[in-house]
Amino acid sequence: MSPLRYKVYPKTMKKNHSNTLVYPSILSGDFGRLAEEAKSLEQAGADAIHIDIMDGHFVPNLTFGPKAVSAINRATNIFLDVHMMIYNPYDYVEAFVSAGADRITFHFEATEDVEDTLEFIRKCGIEAGLAFRPETSFSMVPKYLTMCDLILLMTVSPGFGGQEFMPEVLEKVELTRKFCEKQEIKIQVDGGINAETGAMCVKAGANVLVSGDYLYKQAPSVKQGIASLKELS
Ligand code: DX5
Ligand code: ZN
């Protein structure tokens, strides 16, 4: 087996004037022209590209594998935020690191090896994120705050784009922010994010907004949609 090619210099994220980072979800883009889609997100001012990996088991849908991530990586120079919605995430870390992921976020509910997986991702030289389904209690969150770079609080049930935002998750965002006040950790929300729900999440303490359908289908253009979300602070 060939040794893992650790990423020595992960790409840096673009700095923007506000504290709110905006990651378009390429799940809402055109799969037939993934590389061009990724390039245009980079040009439209995205802070990173959010790539949803689904296995048809942890969630009832199938999407991208490492080859698609690698194609996006070759086409761009932007930070790649890989959101794994798969069982046994540990087993796929190396493949996605080699493909060019700059951060891997996996689900707390998908493995019994949460700590080992977080540790392994960081050992590979990239950032580690931990995601929580809407129904998972906040009480599960604090234990992992020092072990990861980002907490993802899902604001829809993971699996599909274009779903309605779940406002009940806002309380979990607030509680997580209270716990992290003195830490650098990023709090990401994903699912049903538009200018209105994004504003609620930022007010509650989120600083990374993932958005799919709003940017691709509702905003006047992806570029204007990204700009409107970045203004939220
Ligand atoms: C859902 C995915 C999201 C999705 C968000 O399981 O994790 O990243 O693309 O899309 P919207 O913004 O359309 O809800
Ligand atoms: Zn996602």
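It should be emphasised that the depicted structure is a prediction, and the values quoted were computed from it without experimental measurement.

K.L.:
Just to check I follow, could you spell out the site of ligand 1 for this structure?
P.N.:
Among the 20 residues in the neighbourhood of ligand 1, the closest are listed as Ser25, Asp52, Gly159, Asp190 and Gly212. Within the backbone of Gly212, an N or O atom sits 2.8 Å from an oxygen atom of ligand 1. Within the complex, 99% of the 380 Å² of free accessible area of ligand 1 lies under protein. Of all the elements in the fold, those that place two or more residues in the shell around ligand 1 are strand 2 (49–54), strand 3 (80–85) and strand 8 (208–211). In terms of residue class, the shell around ligand 1 is built from seven nonpolar, ten polar and three charged.

K.L.:
It is not clear to me how the state of the cysteines should be interpreted in this structure. Could you clarify?
P.N.:
Defined simply, a disulfide is a covalent bond joining two cysteines at their sulfur atoms. On inspection of all chains with the given rule, the structure shows zero disulfides. Cys148 provides the cysteine sulfur closest to Cys124, a residue in no disulfide bond, and the two sulfurs are 16 Å apart. Cys180 supplies the cysteine sulfur nearest to Cys201, a cysteine that is in no disulfide, at a spacing of 15 Å.

K.L.:
It is not clear to me how the coordination of the zinc ion (ligand 2) should be interpreted in this structure. Could you clarify?
P.N.:
Reference geometry at the metal: tetrahedral coordination by four donors gives ideal angles of 109.5 degrees; octahedral coordination by six donors gives 90 or 180 degrees. Around the zinc ion (ligand 2), the protein contributes the donor atoms His50 (NE2), Asp52 (OD), His83 (ND1) and Asp190 (OD), at 2.1 to 2.3 Å from the metal centre. Its six donor atoms give the zinc ion (ligand 2) angles of 72 to 171 degrees at the centre, a pattern that matches the octahedral case. Each donor residue of the zinc ion (ligand 2) belongs to the same chain, and together they define the spacing H-x1-D-x30-H-x106-D. Residue His83 is found in strand 3, and its partner Asp190 is found in strand 7 (residues 186–190); the two are separated by 107 residues along the sequence.

K.L.:
Any chance you could explain the pairing of strand 5 (residues 127–132) here in plain terms?
P.N.:
Along any regular strand, the residues point their side chains to alternate faces of the sheet. For strand 5, a buried count of five out of six residues is recorded, marking the element as mostly surrounded by other parts of the structure. With five bridges joining them, strand 4 (residues 103–107) and strand 5 adopt parallel strand pairing. By the bridge assignment, Ile104 is partnered in strand 5 with Ala128. The parallel pair strand 4 and strand 5, bridged by helix 4 (residues 114–123), forms a crossover whose chirality is right-handed. Pairing of strand 5 with strand 6 (residues 150–154) involves four bridges; the strand directions are parallel. Within the sheet, the bridge partner assigned to Leu130 lies in strand 6 and is Ile151.

K.L.:
Looking at this structure, how should I read the sheet that holds strand 4?
P.N.:
Strand pairing in a sheet relies on backbone hydrogen bonds. The paired strands run either parallel or antiparallel. Pairing is parallel across the open sheet formed by eight strands, whose spatial order is 1-8-7-6-5-4-3-2. In this open sheet, the two strands that pair with only one neighbour each are strand 1 (21–24) and strand 2. Pairs of neighbouring strands in the sheet enclose a mean axial angle of 25 degrees, with direction left out of account.

K.L.:
Which parts of the structure should I look at to understand the packing of helix 1 (residues 34–43) against helix 2 (residues 66–75)?
P.N.:
To characterise two packed helices, one gives the angle between the axes of the helices and the distance between these axes. Contact pair helix 1 / helix 2: the axes reach a minimum separation of 9 Å and the direction vectors enclose 50 degrees. As far as their axial angle goes, helix 2 and helix 1 are oblique. For the crossing formed where helix 1 meets helix 2, the hand is right-handed. In this structure, helix 1 contributes Leu34, Ala35, Ala38, Lys39 and Glu42 to the contact, and helix 2 contributes Ala68, Ile72 and Ala75. Looking at the contact of helix 1 with helix 2 residue by residue, the classes come out as six nonpolar, no polar and two charged.

K.L.:
What am I meant to see in the nonpolar core here?
P.N.:
The tendency in soluble globular proteins is for nonpolar side chains to be buried as a group. Within the largest apolar cluster, 64 residues are counted, with the highest numbers of intra-cluster contacts made by Ile26, Ile49, Ile51, Ile104, Leu130 and Ile151. Apart from the residues within four sequence positions on either side, Ile49 is in contact with Pro24, Ile26, Ala38, Leu41, Ile72, Ile78, Phe79, Leu80 and Asp81. One finds Tyr23, Phe79, Leu150 and Met154 within the second-largest nonpolar core, a separate group that totals eleven residues.

K.L.:
I tried to follow the pattern of salt bridges on my own but got confused; where do I start?
P.N.:
When their charged atoms lie close together, side chains carrying opposite charge are able to pair. Taken as a whole and assessed by the stated rule, the structure comprises eight salt bridges. Residue Arg122 is joined to Asp149 by a salt bridge in which the shortest nitrogen-to-oxygen separation is 3.1 Å. Taken together, the residues span a long stretch of sequence, with Arg122 in helix 4 and Asp149 in the loop between strand 5 and strand 6 at a distance of 27 residues. A relative accessible area of 35% means that Arg122 is categorised as partly exposed. Between Glu135 and Arg133 there is a salt bridge whose closest N-O contact spans 3.9 Å. Looking at Arg133, the relative accessible area reads 16%, which means it is buried. Overlapping salt bridges, with partners in common, bring together Asp81, Arg103 and Glu127 in one network.

Reading the values: rules and limits
- Residues numbered from 1 in each chain as written.
- Chains lettered and ligands numbered in written order.
- Predicted model: local features only at pLDDT ≥ 70, side-chain atom pairs only at ≥ 80, totals over all residues.
- Heavy atoms only, no water.
- Near = heavy atom within 4 Å.
- Polar contact = N/O pair within 3.5 Å; in protein donor to acceptor, adjacent residues only side chain to side chain.
- Areas by Shrake-Rupley, 256 points an atom, 1.4 Å probe, with all protein chains shown as cover.
- Helix = DSSP H or I, 4+ residues; strand = E, 2+ residues; numbered from the N terminus.
- Nonpolar A, V, L, I, M, F, W, Y, C, P; charged D, E, K, R; others polar.
- Disulfide = S-S within 2.5 Å.
- Donors = N, O, S within 2.8 Å, 3.2 Å for Na, K, Ca; no water.
- Tetrahedral: all angles 85-135°; square planar, octahedral: opposite > 155°, others 65-115°.
- Buried < 20%, exposed > 50% of the residue type's maximum accessible area, 1.4 Å probe, protein only.
- Pairing = 2+ DSSP bridges.
- Right-handed = clockwise from strand over helix to strand, strands pointing away.
- Axes fitted to C-alpha atoms, helices over the stretch in contact; angles between N-to-C directions.
- Parallel < 35°, antiparallel > 145°, perpendicular 65-115°, else oblique.
- Left-handed = near helix turned anticlockwise from the far one by under 90°.
- Contact = heavy atoms within 4.5 Å.
- Core = buried A, V, L, I, M, F, W, Y, C linked by side-chain atoms within 4.5 Å.
- Salt bridge = Lys/Arg side-chain N within 4 Å of Asp/Glu carboxyl O.

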